[in-house]
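# Understanding the architecture of this molecule
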Amino acid sequence: MRKTLLLLAACGIAAGAPPTFADQPGSIEFLNSGKVLPTTLPFSEAVRVGNTLYLSGQIGIVPGGMKLVPGGIREEARQTMENIRTSLEANGYAMTDVVKCTVMLADVSEWGAFNEVYRAFFTERYPARSALGANGLALGQEWKWNALQP
């Protein structure tokens, strides 16, 4: 079975913060709930600046560890989206607060399967989104552009 990997980064926002807000003492919070990612990793799960929450990228790992869920792109996409929801909720936000997503797929030919899962996590108010194929993704996965290979 071919391994696939999806990385999705999302930014939730309740209200915009002015650019100078970060200059105020105590206005930036570095957050690690431990509900998705191990707290021993060298980055924050989320960073809150005023009312804006920035999430680190998420992949389809079993919460609390670094092992991908089995089952391929659909299961990895579903777990990735669940991980994003868990991280948002741990910090007082919801999927309805997400305004921008960046999607990185190890295999661009799996775009349609990803979209099927993605749609289930949002209503008619879809966030703005960028998507690309990438190599060197987390957990040693490589990008495969199968749609262009003979």
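Look a little higher up for the structure.
The shown structure was predicted, so the numbers you read here are calculated from the model rather than taken from an experiment. (Residues numbered from 1 in each chain as written. Predicted model: local features only at pLDDT ≥ 70, side-chain atom pairs only at ≥ 80, totals over all residues. Heavy atoms only, no water.)

## Considerations on the overall build of the chain
Test applied: Under the DSSP-based scheme used, a helix requires at least four consecutive residues in state H or I and a strand at least two consecutive residues in state E, with every element numbered from the N terminus. Summary of the burial criterion: residues with accessible area below 20% of their type's maximum are buried, those above 50% are exposed, and those between are partly exposed, where the area comes from a 1.4 Å probe applied to protein chains only. Contact definition: two residues touch when any of their heavy atoms are within 4.5 Å. The protein chains shown are the only cover counted for residues, whose accessible areas, like all others here, come from Shrake-Rupley with a 1.4 Å probe.
Per the secondary structure count, the chain includes two helices and six strands. Along the chain, helices and strands appear, N-terminal first, in the series β-β-β-β-α-β-α-β. Counting all 150 residues of the chain, 41% fall into the buried class. Contacts in the chain between residues far apart in sequence, at least 24 positions, make up 68% of those at least 6 positions apart. With the model as given, the accessible surface of the chain reaches about 8000 Å², and the carbon-plus-sulfur share is 55%.

## Re the environment of D107
Where we set the bar: Side-chain atoms alone can form a polar contact between residues adjacent in sequence; in general such a contact is a pair of N or O atoms within 3.5 Å, and within protein one must be able to donate a hydrogen while the other accepts it.
Mapped onto the elements, D107 comes out in the loop between strand 5 (98-105) and helix 2 (111-119). D107 gets classed as buried once you look at its relative accessible area, which sits at 2%. When the C-alpha positions of D107 and L132 are compared, they lie 9.5 Å apart, and in sequence the two are 25 residues distant. A polar contact is formed between the side chain of D107 and the side chain of S109, at a distance of 2.6 Å.

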